[in-house]
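The chain contents come next:
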Amino acid sequence: MKIPGLIKGLGVTLGTMADTVTKGAATVQYPHEKETPPIRSRGVIALHEGNCTACMLCARSCPDWCIYIEGHKQLAPPRRAGGKPRQVNHLDRFDIDYALCMYCGICVEVCPFDALFWSPEYEYSEPRIADLLHDKNKLGEWMQTVPEAPELEVGAQKK
Amino acid sequence: MMSSLAVDVPYWGQSLLRVLGGLVAVLLPAGTIVYLFLFKMMSFMQSRLGPMEAGPYGSMQLLAEVGKWLQKEDLAPEHADVRIFRMAPLIVLVSTFLLVVIIPFGPDAYFTNFETGIFFGLAVSSISVLGILIAGWASANKYSLLGGLRAAGQLIAYELPLVLATLGVVIQAGTMNLQGIVVAQNTGEMFGFEWLGNPFIFTQFLGFVIFMIAVQAELTQPPFDMPIAESELVSGYMTEYSGFRFLIFFIAEFATAGVFALIASVLFLGGWGVPFEWFGWDNIDDVANWMNLAGPLIMFTKMLVLTFIIMWVRFSYPRFREDQLQTFAWKVLIPLALFNTAITAILKVAI
């Protein structure tokens with residue numbers, strides 16, 4: 001029974017054409033109108049600098065080696081009065097090269113201190129490829145666009 | 001062509017006008033088909049809008065594309081046979097221009113009026129096979145070679161049903177002259193009913209279907225696009241072409257679609273004519289001069305209808321496998337076309 005299928009196929013395309021003409025297309029004309037990406041979409045990675053300890057876990061787990069971290073040890077004032085000064089890692093450089101990044105999200109998953117977050121922003125293309133290297137200031141700015149974490153499911157709370 | 005004008009045009013002027021007319025007759029349908037069907041209709045059938053930025057509703061998109069292609073570098077592979085590699089697209093385009101020569105657009109508006117016009121047309125339409133084979137061979141690329149060979153096999157296989165489907169029309173009209181075929185359709189009658197003339201699509205419906213399928217294959221359009229299968233052969237014989245040589249292949253493909261649609265409308269839909277009964281004309285000498293202006297418009301409309309069908313099928317169906325494609329030509333279309341020819345001949349003699 002090939003023939004009915006052939007005719008039906010022609011009907012499908014013609015019907016879609018009529019729908020597009022009368023009801024409009026399923027697509028949007030991007031620069032003029034924009035679709036809101038889903039809240040958990042992987043647009044860009046934001047850095048919460050205060051949480052970062054320069055532990056390098058993200059840089060080492062990155063499949064593309066697109067995260068560059070430099071830091072140095074320094075002494076921070078003691079937590080309690082009379083205590084010893086603490087030794088902390090200070091972050092000097094935290095760059096993500098989005099020309100290399102493949103948006104796998106392993107760095108976000110692996111970060112033990114909740115310093116990296118996904119943001120749904122996606123409009124950061126650049127005429128020059130070198131400008132796709134976002135430094136820690138720029139990554140910090142993306143924090144503004146990180147949506148609030150959704151409510152935990154019942155029973156998922158920390159014991 | 002010039003007899004309808006009051007002024008006497010010298011020979012060089014006539015030639016110039018013919019060249020310009022030929023360019024218009026080839027490029028106007030090609031541009032219309034690409035914008036109207038390839039850009040817009042295909043997009044609509046996929047529930048999107050297609051080009052919208054260049055000009056109103058993207059109507060200048062084609063100019064932008066041509067400009068883009070003209071700027072690109074004219075590349076040739078290192079081991080290619082450069083001279084014939086560069087020649088191949090032109091050979092394909094030439095066959096289109098030779099084809100448009102035979103099409104009558106009105107009682108006096110034609111380029112040439114060959115006594116055996118359709119025979120000439122079918123002959124020169126095969127020249128594109130040479131161009132494609134040359135392109136495939138000269139590219140020095142295995143994908144191109146495979147594509148070229150597939151194209152040659154396909155085009156030769158589908159040439160036969162094309163010729164045989166035309167044969168039915170020729171038998172019925174009793175002439176190979178395309179003007180004669182147009183007149184035969186518009187002065188004919190069906191069961192003594194003259195009002196509609198006798199467009200051969202009614203009596204030769206099987207021939208029409210076979211002709212359109214064969215045209216689809218001749219144009220290497222889906223579902224017969226095995227030679228340029230972009231997912232396996234990377235566009236086949238066009239793989240190595242860039243810039244304006246690719247553009248020429250592109251123009252040739254869609255111009256040939258338009259020209260074949262024009263030929264089909266001459267053969268099966270009554271060509272430029274309206275049924276002569278409407279205005280009380282008896283033969284081609286009676287036809288009023290304004291038909292030279294109305295004729296091209298009628299032809300253009302019929303061309304659009306037929307290319308709509310070609311493109312509709314193109315956008316709807318998936319690709320044939322190579323063996324299915326050959327089987328379809330040799331085991332289905334050719335026997336059917338032979339059957340159609342035989343029946344037509346028997347009826348012609350019997351009635």
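In the block above lies the structure referred to throughout.
Owing to the predicted nature of the structure, the values given are computational and were not obtained by experimental measurement. (Residues numbered from 1 in each chain as written. Chains lettered and ligands numbered in written order. Predicted model: local features only at pLDDT ≥ 70, side-chain atom pairs only at ≥ 80, totals over all residues. Heavy atoms only, no water.)

## A closer look at the overall build of chain B
Alright, step 1. Within chain B, the secondary structure is distributed over twelve helices and zero strands.
Alright, step 2. Reading the helices (α) and strands (β) of chain B from amino to carboxyl end gives α-α-α-α-α-α-α-α-α-α-α-α.
Alright, step 3. Computed over the C-alpha atoms, the radius of gyration of chain B is 21 Å, within 12% of the 20 Å expected from 2.2 N^0.38 for a compact globule of 351 residues.
Alright, step 4. Overall, chain B is about 65 × 50 × 45 Å in size when its C-alpha atoms are taken along their principal axes.
Alright, step 5. The buried share of chain B, taken over its 351 residues, is 53%. (Helix = DSSP H or I, 4+ residues; strand = E, 2+ residues; numbered from the N terminus. Rg over C-alpha atoms; globule rule 2.2 N^0.38 Å. Buried < 20%, exposed > 50% of the residue type's maximum accessible area, 1.4 Å probe, protein only.)

## Points about the sheet that holds strand 2 (residues 67-76) of chain A
Residue and element names in this part refer to chain A.
Alright, step 1. Pairing within the open sheet is antiparallel, and its three strands lie in the order 2-3-5. Of all the strands in the sheet, the pair left with one neighbour each is strand 2 and strand 5 (133-134).
Alright, step 2. Here two bridges tie strand 3 (residues 86-97) to strand 5, and the two strands are oriented antiparallel to one another. Considered in strand 5, the bridge of isoleucine 96 is made with histidine 134. (Pairing = 2+ DSSP bridges.)

## Focus on the nonpolar core
Residues and elements named next belong to chain B.
Alright, step 1. Counting residues in hydrophobic clusters, the biggest one holds 84 residues, and the most contacted among them are Ile103, Phe211, Ile263 and Leu267.
Alright, step 2. Here this core gets 14 residues from one element, more than from any other, and that element is helix 10 (residues 243-268).
Alright, step 3. In this view, isoleucine 263 contacts Leu99, Ile102, Ile103, Ile118 and Phe211; residues no more than four positions away in its chain are not counted. (Core = buried A, V, L, I, M, F, W, Y, C linked by side-chain atoms within 4.5 Å. Contact = heavy atoms within 4.5 Å.)

## Focus on the packing of helix 3 (residues 82-100) of chain B against helix 10 of chain B
All names here are of chain B.
Alright, step 1. Where helix 3 meets helix 10, the closest approach of the two axes is 9 Å, and the angle between their N-to-C directions is 20°. In terms of orientation, helix 3 and helix 10 fall into the roughly parallel class. Here the hand of the crossing between helix 3 and helix 10 comes out left-handed. Taken together, the residues of helix 10 that come into contact with helix 3 (itself represented by Arg86, Pro89, Leu90, Val92, Leu93, Thr96, Leu99 and Val100) are Arg245, Ile248, Phe249, Ile251, Ala252, Ala255, Thr256, Val259, Phe260 and Ile263.
Alright, step 2. When its residues are assigned to classes, the contact of helix 3 with helix 10 shows 14 nonpolar, two polar and two charged. (Axes fitted to C-alpha atoms, helices over the stretch in contact; angles between N-to-C directions. Parallel < 35°, antiparallel > 145°, perpendicular 65-115°, else oblique. Left-handed = near helix turned anticlockwise from the far one by under 90°. Nonpolar A, V, L, I, M, F, W, Y, C, P; charged D, E, K, R; others polar.)

## Side note on the packing of aromatic side chains
Alright, step 1. This model, assessed by the stated rule, comprises 22 aromatic pairs over all chains.
Alright, step 2. Between the aromatic rings of tyrosine 30 of chain A and tyrosine 122 of chain A, the centroid separation amounts to 6.5 Å while the plane-to-plane angle is 45°, which identifies the pairing as tilted. Taken together, the positions of tyrosine 30 of chain A in the loop between helix 1 (2-23) and strand 1 (44-47) and tyrosine 122 of chain A in the loop between strand 4 (116-119) and strand 5 put the pair 92 residues apart, joining distant regions of the chain.
Alright, step 3. Seen in terms of ring centroids, phenylalanine 320 of chain B and phenylalanine 328 of chain B are 5.7 Å apart; in terms of plane orientation they differ by 25°. Their pairing is stacked.
Alright, step 4. Grouping aromatic residues by their ring pairs yields a cluster made of Tyr98, Tyr103, Trp118, Tyr124 and Trp142 of chain A. (Phe/Tyr/Trp six-rings, centres within 6.5 Å; stacked < 30°, edge-to-face > 60°.)

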